[in-house]
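Observations on chain architecture
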Amino acid sequence: ITMSPLTKKFCKFNLIARNSVSLLNFQKCKSSLMLPCSSRSRLFHASHSTRVQSVSTTHPITMPHTTLDPNTKKRELYPPIEPYNTGMLKVDDIHELYYEESGNKNGKPVVVLHGGPGGGSEPYYRQFFDPEFYRIVCFDQRGAGRSTPHACLIRNTTWHLVDDIEKIRDHLKIDQWHCVFGGSWGACLSVAYSETHPDRVNSIVLRGVFTLRRSELEFFYQGPGTNFYFPDAWEKFVAPIPETQRADMMGAYYRYLTGDDEKKKIECAKAWSVWEMSTSRLFVDAKYIARAAEDNEEAHKFALAFARIECHYFVNAGFWEVDDQLIRNADRLKNIPTEIVCGRYDSVCPLKTSWDLHKAMPHSNLTICPSSGHSAKEGEIVHSLVTATDKLKNL
């Protein structure tokens, strides 16, 4: 066989490289054999475990994580409870926030941050926590749920919400949150708050992490991404937007959601909200979709706040200084125990975002739910979140 000079040079380089790798592996093996027997045993088991500890936070080999065994007997939510205290807190000359307390009046305080933004808190949120141990604080963020004014976008940014959490903490005379708990946008706000006030946070529980990077938004609202898995629902989502405007779906929706045509505003609010409801669970739940799809005042009110506030945050890039701000600043949380839970088939906030945050927080625990999507109501996710909040009682 006749080889060109360039081919000969490549073959020579390849042989040297392969020999170098072999020598390196031999030296590693030799070094390990010089360790005491117990150390060699730990080294062997670490290298063959499914929970391999990273040797570098910049270039991890495999980050430690757990995939939930589908055969595990699932924990369920704690029984329903009612608040022992409710109120409205005026946080500025425009906004007044609904808040509530439930569980143990003298318990360890946990603040629950709802999704959206604009989704509002729900009664079942209280059930992720042992009511004998936790003092459970829920509230509706600006413009959402029972807070007023409804669906208001004025002075409604991430940093206003971070300040609001502090105002609620001060109002309730809480020195430090034992736990900050949030899913989806609530996870995003949990991280933003905790990075801003790490001294006020003792632990964090996150579900279906969202960090509001441009790539995350485009995956869900522009494509290609979630629309590849839900093409039927995607057609309904794009329907209210003229084809000439579909190159920027979020921008187009924002124009209609903040416009003067009330009929078009409701049409777009419903379509925006139904898109997320249709994709948030591994098995589509018609009752969940109906929350935004039905043609009644309650559904319209929910959809309007949900769509307007979400879109407002998204077209303004989360009001971040840089796109990956939360991931970039994750080292501020290095001393805070953190539990992360995500569905393997989460199509709203794909696992990659939880993984990226987990890599930036090597001390965190990530649990992957193998047969779940995005919703906090899916069985594996319920199990993992209740397990996490029980675990953190021991801090």
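**Looking at the overall build of the protein**
Helix and strand content of the protein: 13 helices and nine strands. Every one of the 395 residues in the protein was classed for burial, and the buried ones make up 52%. Counted over contacts in the protein with a minimum sequence separation of 6, partners at least 24 positions apart contribute 73%. Summing over all exposed atoms, the protein offers an accessible surface of approximately 19,500 Å²; the carbon and sulfur share of this is 55%.

**Some thoughts on a nonpolar patch on the surface**
On the surface, a nonpolar cluster with roughly 360 Å² of combined accessible area is contributed by Leu282, Phe283 and Tyr345. Inspection of the secondary structure puts Leu282 in the loop between helix H8 (262–279) and helix H9 (286–293).

**Topic: the pairing of strand E8 (residues 338–343)**
Counting buried positions along E8 yields six of six residues, so the element is predominantly enclosed. Burial along E8 is two-sided: Thr338, Ile340 and Cys342 facing one way and Glu339, Val341 and Gly343 facing the other are all buried. Summarising the sheet, strand E7 (residues 204–207) and E8 pair through four bridges and their orientation is parallel. In the strand pairing of E8, Val205 is matched with Glu339. Here E8 runs beside strand E9 (residues 365–369); their pairing, made up of five bridges, is parallel.

**A look at the side chain of His312**
If you trace the backbone, His312 turns up in helix H10 (residues 297–315). Judged by its relative accessible area of 8%, His312 falls in the buried class. From its side chain, His312 meets the backbone oxygen of Asn156 in a polar contact 3.0 Å long. What His312 contacts, discounting residues up to four positions off in sequence, is Leu153, Asn156, Tyr254 and Phe319.

**Describing the packing of aromatic side chains**
Pairs of aromatic rings are described using the distance from one ring centre to the other and the angle between the two planes. In this structure the tally under the stated criterion is 23 aromatic pairs. One aromatic cluster is present, built from ring pairs that chain together Phe210, Phe220, Tyr221, Trp234, Phe237, Tyr253, Trp272, Trp275 and Phe314. Sitting above the plane of the Tyr98 ring, Arg146 keeps its charged end 3.9 Å from the centroid. One residue, Lys377, lies across the ring of Tyr124, its end atom 4.6 Å from the ring centre.

**Focus: the packing of H8 against H9**
At a minimum axis distance of 8 Å, the contact between H8 and H9 shows a crossing angle of 165°. With respect to each other, H8 and H9 are oriented roughly antiparallel. Every pair of crossing elements has a handedness; the one defined by H8 and H9 is right-handed. Together, Lys270, Ser273, Val274, Met277 and Ser278 of H8 and Tyr288, Ile289, Ala292 and Ala293 of H9 make up the contact between the two elements. In terms of residue class, the contact of H8 with H9 is built from six nonpolar, two polar and one charged.

**Concerning unusual backbone geometry**
Across the junction of Gly116 and Pro117, the peptide omega takes the value 5°, indicating a cis bond. In the segment running from Gly223 into Pro224, the intervening peptide bond is cis, with an omega of 0°. Of note, Pro224 is situated in the loop between helix H5 (214–221) and helix H6 (231–238). A positive phi is found at Ala151, a non-glycine position, where the angle reads about 60°. Secondary-structure assignment places Ala151 in the loop between strand E5 (134–139) and helix H3 (158–171). Positive phi is not limited to glycine here, since Ala317 has a value of about 55°. Secondary-structure assignment places Ala317 in the loop between H10 and helix H11 (325–328).

**Points about the pattern of salt bridges**
Counted under the stated rule, the structure contains 24 salt bridges. For Arg291, the salt bridge identified is with Glu122, shortest N-O distance 3.1 Å. One end of the pair, Arg291, is in helix H9; the other, Glu122, is in the loop between strand E4 (108–113) and E5, and 169 residues separate them in sequence. Since its relative accessible area comes to 31%, Arg291 is described here as partly exposed. Notably, a salt bridge pairs Lys352 with Asp356, separated by 2.8 Å at the nearest N-O pair. Of this pair, Lys352 and Asp356 are both found in helix H12 (residues 351–360), four residues apart, which corresponds to roughly one turn of the helix. Exposure remark for Lys352: the relative accessible area of 56% places this residue in the exposed category. Within the structure, one salt-bridge network assembled from shared partners comprises Asp92, Asp93, Arg142, Arg155 and Asp164.

What counts as what
Residues numbered from 1 in each chain as written. Predicted model: local features only at pLDDT ≥ 70, side-chain atom pairs only at ≥ 80, totals over all residues. Heavy atoms only, no water. Helix = DSSP H or I, 4+ residues; strand = E, 2+ residues; numbered from the N terminus. Buried < 20%, exposed > 50% of the residue type's maximum accessible area, 1.4 Å probe, protein only. Contact = heavy atoms within 4.5 Å. Areas by Shrake-Rupley, 256 points an atom, 1.4 Å probe, with all protein chains shown as cover. Patch = residues over 30% accessible without salt bridge, like charges linked within 9 Å, V, L, I, M, F, W, Y side chains within 5 Å. Salt bridge = Lys/Arg side-chain N within 4 Å of Asp/Glu carboxyl O. Pairing = 2+ DSSP bridges. Polar contact = N/O pair within 3.5 Å; in protein donor to acceptor, adjacent residues only side chain to side chain. Phe/Tyr/Trp six-rings, centres within 6.5 Å; stacked < 30°, edge-to-face > 60°. Lys NZ or Arg CZ within 6 Å of the ring centre and 35° of its normal. Axes fitted to C-alpha atoms, helices over the stretch in contact; angles between N-to-C directions. Parallel < 35°, antiparallel > 145°, perpendicular 65-115°, else oblique. Left-handed = near helix turned anticlockwise from the far one by under 90°. Nonpolar A, V, L, I, M, F, W, Y, C, P; charged D, E, K, R; others polar.

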